[in-house]
Each structure stands twice: as structure tokens, then as C-alpha cells.
Amino acid sequence: MAPANGWPGSGAVLDSVSIPFAAGYVPMSQLEVVRIPVLNDNYVWLAHEPAQNLTAAVDPAVADAPLAEAERRGWAITHILNTHHHGDHTGGNREIKAATGCTIVGPRADRDRIPGIDIEVGDGDAYDFGNARAEVFDVPGHTRGHIAYWFAGSDALFCGDTLFLLGCGRLFEGTPAQMWTSLGKLRALPDSANVYCAHEYTQANARFAVTVDPANADLTARAAEIDRMRAAGIATVPGKLGVEKRTNPFLRADDAGVAATVGLAGGSPVEVFAEVRQRKDVFRG
Ligand code: ZN
Ligand code: FE
């Protein structure tokens, strides 16, 4: 497959990620998750549920690459899982549905902006994707209708543009307070969660993160590792949520060191989060 974009290593490498079960979870079916880089820096994920032979395209920005990858693996796309309405997450909806007859699952709160939506889900819903169950969270902030899918039995979090590795989505349709609450829902998940976000923004995020959390040794080391990975053309996503909790400044607005660094010692987490987000909006690394 031809590289779909300009950054190194994209397009050709489609490695799958093996995900262990969480102990005690039933019913269970182990999702196999495949990363597909498209456009400039988007990731479409294929999530395959082997027990019922289902395959979901998560946030298909485009149709051709996920259709081709599914076919190459002998899978048929049976579902689309959308996190939010932006075109780089839903652009392939209509074409994939026309080609496969798949079922499109998306946010109830944004039903009118999700092309071809069949099943609407929202906060607290359990969505059974075959034998793999997703818990759905409303995570407004980037957009007002953004949701996340948490497959506890597969340690898989599909969070779209809400949480990025070392970053978070821009606040196009929400307030800092909303986004801080949304990120809090995700931060409450286990450290072992695999974060399948929708963009390869990690290196740029790291350059900013070290400016607001300079004393964080875990972050400094991680930023160096990310530079090495990107120089070698290696994708940084997925990452582990436990690492995000220690190093992502947008999950650390209640950390005294971050607050002090942005001049808000003693400030509320929402105030600190708002300041960190604002600084990122204007940051030029
Ligand atoms: Zn978006
Ligand atoms: Fe996006």
C-alpha cells in the first residue's frame, strides 16, 4: 500500500496489537486492533472481534484504506464506531456503509452530525460489539457530542480527539471545565488501558508538555524516547494510560508543580487546565 501521507513510516506498517484480557471479565472476546495511518496524521483503527467475526472501523476518516486492510486480512467491516462528527473521523462513513452494509454507531448527542448513523449511544451505555462490551462515556469539550468507547475486557480505549498521548483535543465546542471533567472520566480507567487516540500528535505535544511540567523526570525521559521513535519512523500510538497519568499535563492540572509553573499556585484544577490549554493553543515549538 502506498504511503498515505508524508511522515516517516506511515502507510506501509500496519502492525496489530495483542491485548490481554482483564482478569474476571465475562463475556469476553479478545479484540485484535490494527492501526491504519491516513491523511496527514490520523489513525483509523480496525477492531476485530473473532468470536462473532465482526470488524469495526473506528473513526474512518476515509474509506479506501480501511476497506483494503480489512480485505487483506480476510475480514469484512460490519461496524463503524464514531467518536465525534469531524470530517477526519466520519469522512469514510457513507462509502464504507455503501460497500459493506455495515452498522454505524455514534454519539446520541450528535446524531444529526454523524453521517449514516444507525445506533445512538451515550454516557453510561453498554454497547455489545459481539462478545466484546464497550462502556460509553460522554466526553464533551473538543466537540459537544464527543464520546469514548472503553472495552474493559480488552484494555482498549477509543477516545478520538479527547485524549491524545501527552495532549488533549482543542476546545472547539466546550469549556475547560467540561474538558477537565471529560478527561477525569478517562483518567479513572486502569493504568493498563491502551489509549487508541486518533492522531499522531505525540512529538509536538511532548515539546509543549515539557514547558509546563519541566521537573517531571518521567516526562523528560519520555520526550526523549518519543524523539527517538519518530526519528526511526515508529508510531507512538497506542500508549498506556498509566504513562499518560504520570506525564500528560492535561491530566495533571491538579498537580502542584504544573500549577506553579503556569503561575497559578493554589489555583483550581479547572483554572490550571484552562491556562495549560490556552498556552498550548498559542505554542510554537
Ligand atoms: Zn476532531
Ligand atoms: Fe481529528
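Conventions adopted
- Residues numbered from 1 in each chain as written.
- Chains lettered and ligands numbered in written order.
- Predicted model: local features only at pLDDT ≥ 70, side-chain atom pairs only at ≥ 80, totals over all residues.
- Heavy atoms only, no water.
- Helix = DSSP H or I, 4+ residues; strand = E, 2+ residues; numbered from the N terminus.
- Rg over C-alpha atoms; globule rule 2.2 N^0.38 Å.
- Contact = heavy atoms within 4.5 Å.
- Areas by Shrake-Rupley, 256 points an atom, 1.4 Å probe, with all protein chains shown as cover.
- Lys, Arg positive; Asp, Glu negative; His and termini not counted.
- Charge placed at Lys NZ, Arg CZ, Asp CG, Glu CD.
- Donors = N, O, S within 2.8 Å, 3.2 Å for Na, K, Ca; no water.
- Tetrahedral: all angles 85-135°; square planar, octahedral: opposite > 155°, others 65-115°.
- Buried < 20%, exposed > 50% of the residue type's maximum accessible area, 1.4 Å probe, protein only.
- Salt bridge = Lys/Arg side-chain N within 4 Å of Asp/Glu carboxyl O.
- Core = buried A, V, L, I, M, F, W, Y, C linked by side-chain atoms within 4.5 Å.
- Phe/Tyr/Trp six-rings, centres within 6.5 Å; stacked < 30°, edge-to-face > 60°.

## Here we look at the overall build of the protein chain
Looking only at helices and strands, the protein chain has nine helices and 15 strands in total. Expected size for 285 residues packed as a compact globule is a radius of gyration near 19 Å; at 18 Å, the protein chain falls within 12% of this value. The dimensions of the protein chain, computed from C-alpha atoms along their principal axes, are 55 × 40 × 40 Å. Pairs at least 24 apart in sequence give 60% of the contacts found in the protein chain among residues at least 6 apart. Accessible surface computed for the protein chain: about 11,100 Å², of which carbon and sulfur atoms make up 52%. Seen as two clouds, the 25 positive and the 34 negative side-chain charges of the protein chain have centres 3 Å apart.

## A short note on the coordination of the zinc ion (ligand 1)
Coordination of the zinc ion (ligand 1) by the protein is provided by His84 (NE2), His86 (ND1), His142 (NE2) and Asp161 (OD), with metal-donor distances spanning 2.2 to 2.3 Å. Around the zinc ion (ligand 1) sit four donor atoms, and with donor-metal-donor angles ranging over 87 to 170° the site reads as irregular. One chain supplies every donor for the zinc ion (ligand 1), spaced along it as H-x1-H-x55-H-x18-D. The metal-metal distance between the zinc ion (ligand 1) and the iron ion (ligand 2) is 3.2 Å, with Asp161 coordinating both. One end of the pair, His84, is in the loop between β5 (79–81) and α2 (87–90); the other, His142, is in the loop between β9 (132–138) and β10 (147–151), and 58 residues separate them in sequence. Here His84 matches His142 in class, with each residue buried.

## Considering the pattern of salt bridges
This model, assessed by the stated rule, comprises 22 salt bridges. The shortest N-O distance in the salt bridge between Arg73 and Glu69 comes to 2.5 Å. Among the ionic pairs, Arg222 bridges to Glu244, the shortest N-O distance being 2.6 Å. Placement of the pair is Arg222 in helix α6 (residues 217–231) and Glu244 in helix α7 (residues 241–247), with a sequence separation of 22 residues. By relative accessible area, which is 13% here, Arg222 ends up buried.

## Observations regarding the nonpolar core
Considering soluble globular proteins, one finds that nonpolar side chains tend to be buried as a cluster. Ranked by size, the top nonpolar core spans 54 residues in total, and within it Tyr149, Phe151, Phe158 and Leu186 carry the most contacts. The greatest single-element share of this core, amounting to five residues, is contributed by β10. Beyond its immediate stretch of four places on either side in the chain, Phe158 contacts Val33, Trp45, Ala47, Val58, Thr83, Ala148, Tyr149, Phe151 and Tyr196. Counting 19 residues, the second-largest nonpolar core is a separate cluster that includes Val62, Ala63, Cys102 and Ile104.

## Describing the coordination of the iron ion (ligand 2)
Around the iron ion (ligand 2), the protein contributes the donor atoms Asp88 (OD), His89 (NE2), Asp161 (OD) and His199 (NE2), which lie 2.1 to 2.3 Å from the metal centre. Its four donor atoms give the iron ion (ligand 2) angles of 83 to 166° at the centre, a pattern that matches the irregular case. The sequence pattern describing where the donors of the iron ion (ligand 2) fall on their chain is D-H-x71-D-x37-H. Using a relative accessible area of 0% as the deciding quantity, one classes His89 as buried.

## Section: the packing of aromatic side chains
The full count for this structure, using the stated rule, is ten aromatic pairs. Their ring planes at 70° and their centres at 6.4 Å tell us that Phe129 and Phe151 sit as a pair that is edge-to-face. In this pair, Phe129 is assigned in strand β8 (residues 126–129) and Phe151 in strand β10, connecting sequence segments 22 residues apart. For the pair Phe129 and Phe151, a shared accessibility class is recorded, and that class is buried. A centroid spacing of 6.2 Å and a plane angle of 25° characterise the contact between Phe208 and Phe250, whose relative ring orientation is stacked. One end of the pair, Phe208, is in helix α5 (residues 202–212); the other, Phe250, is in the loop between α7 and α8 (256–261), with 42 residues separating them in the sequence. A residue is classified by how much of its surface remains accessible, and Phe208, at 1% relative accessible area, is buried. An aromatic cluster is built from Tyr43, Trp45, Phe129, Phe151, Phe158 and Tyr196, whose rings are joined through pairwise contacts.

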